[in-house]
Amino acid sequence: MLTVSTLIDPGFSPHSLNKYASLLTTGNGYMGVRGTHEEDYTQQTRGMYLAGLYHCAGRGETNELVNLPDVTGVQLEVNGEPFTLLSGQFEHWLRELDFSCGELRREVIWRAPSGARVRIVSRRFTSMAQHPLLAMQFTVTALDRDVTLSFSSGIDGTQTNSGRQHLDELSLRVFGQQVLQGAWATQSGSHEVVITSHCQLSQPADSCFTAKNRRLMQNSVINLTVGDSVTLEKVSWVVQRQPDTLSLDTFSRRCLNDLQASAAQGYEALRAASQVVWQQEWVKCRVVVDSRDARDQLALDFAHYHLAAMTPAHDERTSIAAKALTGEGYKGHVFWDTEVFLLPYHLLTNPETARSLLRYRYLNLAGAREKARRNGWHGALFPWESAQSGQEETPEFAAINIRTGLRQKVASALAEHHLVADIAWAVVNYWYATQDEAFMREEGITLLTETATFWISRATEVNGRLEIHDVIGPDEYTEHVNNNAFTNYLAWHNVEKALHFARQFGDVKPAFAQSAADFLQRLWLPKPDEHGVLAQDDTFFSKPTLDLSKYKAKAGKQTILLDYSRAEVNEMQILKQADVVMLTYMLPERFSAEECLANLAYYEPRTIHDSSLSKAIHGIVAARCGQPEEAYRFWQAGCEIDLGEDPHSSDDGIHAAATGAIWLGAVQGFAGLSVCDGELHLSPTLPEAWRSLRVPLCWHGVRLVLDITADDIVLTTTQALSLWLWGRKVCIEGEARYARSDFLNGKFGTATSEGIA
Ligand code: IFM
């Protein structure tokens, strides 16, 4: 069994309840269940979400990931006193999420205010082996006297998304002494969900059911002798009924049968089956680091766990929410985070999942075409925020000014168009990594040409050259500018690759070829100045600067907006997140090492890193520029976004892109992986704190493992593979060791089986 880290909740605190509820989410890509306590706390937000189950609650709202009825709550009373860590005393505390099997565990010894002491042990997981399954155990032991316990647990339909109810109750049923079932529909009727729970106590109890105030509960009373334990074992089955399939009755009966078959296996067997799948995942994809700082491996395992738990690999109609399945932040919407920060991980470990994520965009082309048309353009303009249908989901307004009553418009849906080119960038990378012709001939080419067509229609002619006006680049503190360098270069890349692959796959339409060639010739690509620095946009260099140290010290909190209005920030050289640096990261072959360094040096002091998508990218570019220690500082700071001490940083969910970036930083930064003109390059340089780094990858269907130390690299492949290592082409089959010094001195090392081209 592979040993993997566990994430520990250091202690009960009412302030960090929601942070740890997000971090300790149990998930399987189909369902996410926040790591909340079984007992209620007023500040605690429970959450259970199914990937793709969105609903719009009413006027002025957009679709949001629906918070489903809760099955994890257990209200316990000991001799009539409610169990809560806010009263009495707790004498022992352990709470951890075991990444190796996705099990959340807690053990506390609690002394009730009246003096009775009990040990409470709870465990739960969502199954990787059977997606709709969530199993839990809740065990109470009487430690120093006989006690009377009362348990209340069931299906609680009072959950809301910050007060908004999305679901109407369709039916509530009880079967025998142990099974509860409820069915709900979203108010629009577009989704139905059936939840069935099997609740069994390990000792005979006096039980009854209640259905009251939207809660269907099993209530049990049990007398426990000192030294004895009782376990509530609860297995739940959570599924959506697809429209036009079975009737609700027949469907619910099936759910009941499925649940009973699972519950009959018992918690341990169900957990073992799920653990087998987790283990396969870890063996296949785990990045292992030998570091002086043990938190580095924890961060990598944290990232890996959540990357698996957040990804709906089973369903190509669904993608990954910016807060994964761990909370309601950004309403569960999908951003460019998926294609740029998350997809590379899948592409280089599980390419079929990357394909499914791209298919999500392909299946949503209708919405993107409609958005382009509505705005007077052609092709596909994907929504800045997306949910299930492919329509634009960005809320129209953000914060309200409570003095004036005026609301601040969200400009991203109107102008943050780089997402279109980011999707195309991901398609091209998919091709490079997989050579999947079937995908390219249909989905790949369609996505590339539709997005390219958008850019061609989006450009404006100014004195004979083409420019792209009124956009927002990745840096969202600078709005409505002309010729954002990131956008122009990515748009050019989009059109160039569309033309190239349309020709390669033989169906380029003459009109498209002509307009694409014209666009490529005439689009304005800002050039680096005499120091190698690119202007972020046409006016950026003319704006004043500001000492940002005070704001950088509180990166992520957007404190600049307490001192300056958005309009004022817009008129200064202030970046929220990587923009030109992001460009040098995404298109490394377009810029020399000196230019990358010059832009890093120019833009970093002007960047607050108020977005969780920023630091890691600076780190990767620093590593590529030969600054591993600087890169390591950025990488560790990126790991702290969710894992750091701020008690509220992740209240409404973890930062999915930042978890992707933890993996990216290790692989693209320290293992030095990049893809230039379709070829795989490795240029490893470890930070001083890292003694070794192991990275398993998949490239062109071949499994490849990198074992890197400061002095050498061992490459192990399942089949012959050629790639570039420290700037030289090598062909490997089996295992090959290369000494770094030999490469840097222009001499090649000996290898057990190798060829050098
Ligand atoms: O996509 C990002 C954006 O770049 C910065 N604001 C948050 C979004 C979701 O993570």
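In what follows, the structure referred to is the one given above.
Overview of the structure. (Residues numbered from 1 in each chain as written. Predicted model: local features only at pLDDT ≥ 70, side-chain atom pairs only at ≥ 80, totals over all residues. Heavy atoms only, no water.)

**A few points about the side chain of H37**
Next, step 1: With respect to the element layout, H37 can be found in the loop between β3 (31-33) and β4 (48-50).
Next, step 2: On the basis of relative accessibility, which here comes to 3%, the residue H37 falls in the buried class.
Next, step 3: Separated by 2.9 Å, the side chains of H37 and R106 make a polar contact.
Next, step 4: Beyond its immediate sequence surroundings of up to four residues, H37 is in contact with F12, L17, Q44, R46, W93, R95 and R106. (Helix = DSSP H or I, 4+ residues; strand = E, 2+ residues; numbered from the N terminus. Buried < 20%, exposed > 50% of the residue type's maximum accessible area, 1.4 Å probe, protein only. Polar contact = N/O pair within 3.5 Å; in protein donor to acceptor, adjacent residues only side chain to side chain. Contact = heavy atoms within 4.5 Å.)

**Regarding the sheet that holds strand β32 (residues 735-739)**
Next, step 1: Taken in spatial order, the five strands make up an open sheet running β20-β27-β28-β29-β32, and their pairing is antiparallel. The sheet is open, and its two edges are formed by β20 (288-291) and β32, each paired on a single side. Sheet twist, expressed as the mean angle between neighbouring strand axes with direction ignored, is 15 degrees.
Next, step 2: Relative to strand β27 (residues 690-699), β20 runs antiparallel, the two being bridged by four bridges. The partner of V288 across the bridge, within β27, is R694.
Next, step 3: Of the strands in this sheet, β20 and β27 are in contact with helix α3 (residues 295-310), which crosses β20 at around 165 degrees. (Pairing = 2+ DSSP bridges. Axes fitted to C-alpha atoms, helices over the stretch in contact; angles between N-to-C directions.)

**A word on the packing of aromatic side chains**
Next, step 1: Under the definition given, this model contains 34 aromatic pairs.
Next, step 2: On the numbers, 6.3 Å between centres and 25 degrees between planes, the contact of W278 with W282 is stacked. Here the residue W278 and the residue W282 both occupy positions in helix α2 (residues 248-285), the gap between them amounting to four residues, near one helical turn.
Next, step 3: The exposure class of W282 is buried, given its relative accessible area of 1%. (Phe/Tyr/Trp six-rings, centres within 6.5 Å; stacked < 30°, edge-to-face > 60°.)

**Quick look at the nonpolar core**
Next, step 1: W336, F341, M582, W690, L693, L706 and L725 are the most contacted members of the largest nonpolar core, which totals 159 residues.
Next, step 2: Take this core: its biggest share by element is 13 residues, from helix α8 (residues 418-434).
Next, step 3: The residues touching W690, leaving out its near neighbours within four places in the chain, are V289, D290, S291, D296, Y632, W635, A666 and F670.
Next, step 4: Counting residues in hydrophobic clusters, the runner-up holds 62 residues, among them Y30, V33, F83 and W110. (Core = buried A, V, L, I, M, F, W, Y, C linked by side-chain atoms within 4.5 Å.)

**Notes on the pattern of salt bridges**
Next, step 1: Enumeration according to the criterion identifies 48 salt bridges in this entry.
Next, step 2: The residue E38 makes a salt bridge to R106 at a minimum N-O spacing of 2.9 Å. Placement of E38 in the loop between β3 and β4 and of R106 in strand β10 (residues 103-111) is noted, with a sequence separation of 68 residues between them.
Next, step 3: Take E38: its relative accessible area is 4%, and that puts it in the buried class.
Next, step 4: The closest approach of N and O atoms between E91 and R117, which form a salt bridge, is 2.9 Å. Of this pair, E91 sits in strand β9 (residues 89-98) while R117 sits in strand β11 (residues 117-126), and the two are 26 residues apart along the sequence.
Next, step 5: When salt bridges that share partners are traced, they join E96, D98, E103, R105, R123, E268 and R271 into one network. (Salt bridge = Lys/Arg side-chain N within 4 Å of Asp/Glu carboxyl O.)

**Quick word on the layout of surface pockets**
Next, step 1: Taken as a whole, the second largest pocket holds about 640 Å³ of empty space.
Next, step 2: In terms of lining, the second largest pocket is formed by 35 residues, of which the most central are T45, R46, N67, Q159 and T160.
Next, step 3: Of all elements in the fold, only β7 (74-78), β13 (147-156) and β18 (215-224) reach the threshold of two or more residues within the lining of the second largest pocket.
Next, step 4: Per-element accounting of the lining of the second largest pocket gives the leading share, four residues, to β13.
Next, step 5: Grouping the amino acids of the lining of the second largest pocket by side-chain chemistry returns five nonpolar, 17 polar and 13 charged. (1 Å grid on protein atoms, 1.4 Å probe; cavity = no way out; pocket = protein on both sides within 12 Å on 5 of 7 lines; lining within 4 Å. Points joined across faces, edges and corners; volume = space filled by probe spheres on them. Nonpolar A, V, L, I, M, F, W, Y, C, P; charged D, E, K, R; others polar.)

**Some remarks on the state of the cysteines**
Next, step 1: Tallied over the full model, the rule gives zero disulfides.
Next, step 2: Looking at the unpaired C625, the closest cysteine sulfur is the one in C596, lying at 5.1 Å. (Disulfide = S-S within 2.5 Å.)

**Describing the pairing of β7**
Next, step 1: Burial along β7 is one-sided: V74, L76 and V78 are buried, while Q75 and E77, pointing the other way, are not.
Next, step 2: Bridge analysis of β7 against strand β8 (residues 81-82) gives two bridges, and the strand direction is antiparallel. Within β8, the position partnered with E77 by the bridge is P82.

**Structural notes on the side chain of R123**
Next, step 1: Locating R123 in the fold gives a position in strand β11.
Next, step 2: On the basis of relative accessible area, R123 is assigned to the buried category, the value being 16%.
Next, step 3: Polar side-chain contacts of R123 include one of 3.3 Å to the side chain of E103.
Next, step 4: For R123, the residues in contact, after removing those within four places along its chain, are E103, L104, R105, A135, M136, Q137, Y267, E268 and R271.

**Quick word on the site of the ligand**
Next, step 1: Around the ligand, the neighbouring residues are A322, Y330, F335, W336, D337, W384, E476, K576, Q577, S611 and L613.
Next, step 2: D337 is positioned such that a nitrogen or oxygen atom in its side chain is 2.5 Å from an oxygen atom of the ligand.
Next, step 3: For the ligand, an oxygen atom lies 3.1 Å from a polar atom in the side chain of Q577.
Next, step 4: Taking 280 Å² as the accessible area of the ligand by itself, protein coverage stands at 93%.
Next, step 5: Tallied by class, the residues present in the shell around the ligand amount to six nonpolar, two polar and three charged. (Near = heavy atom within 4 Å. Areas by Shrake-Rupley, 256 points an atom, 1.4 Å probe, with all protein chains shown as cover.)

**Examining empty space enclosed by the protein**
Next, step 1: Enumeration over the complete set of coordinates arrives at seven cavities of 30 Å³ or more.
Next, step 2: Put simply, the largest cavity is a space of about 260 Å³.
Next, step 3: Residue lining of the largest cavity: 20 residues in total, with W425, N429, M586, Q668 and V675 positioned closest to the centre.
Next, step 4: Sorting the residues of the lining of the largest cavity by element identifies α4 (337-347), α8, α15 (580-586) and β25 (674-676) as the ones contributing at least two each.
Next, step 5: Broken down by element, the residue count for the lining of the largest cavity peaks at five residues, all from α8.
Next, step 6: Classifying every residue of the lining of the largest cavity by side-chain character gives 14 nonpolar, four polar and two charged.
Next, step 7: Of the pockets and cavities examined, the second largest cavity occupies roughly 70 Å³.
Next, step 8: In terms of lining residues, the second largest cavity is bounded by 13 residues, among which N67, Q159, Q165, H166 and L167 are the most central.

**Digging into the pairing of strand β30 (residues 721-725)**
Next, step 1: Residues L721, L723 and L725 of β30 are buried on one face, while the alternating residues S722 and W724, pointing to the opposite face, are not.
Next, step 2: Of the strand pairs in this sheet, strand β26 (residues 679-682) and β30 are connected by two bridges, and their pairing is parallel. Residue L682 lies in a different strand from β30, and its bridge partner there is L725.

Keep in mind these numbers describe shape, not what the thing actually does.
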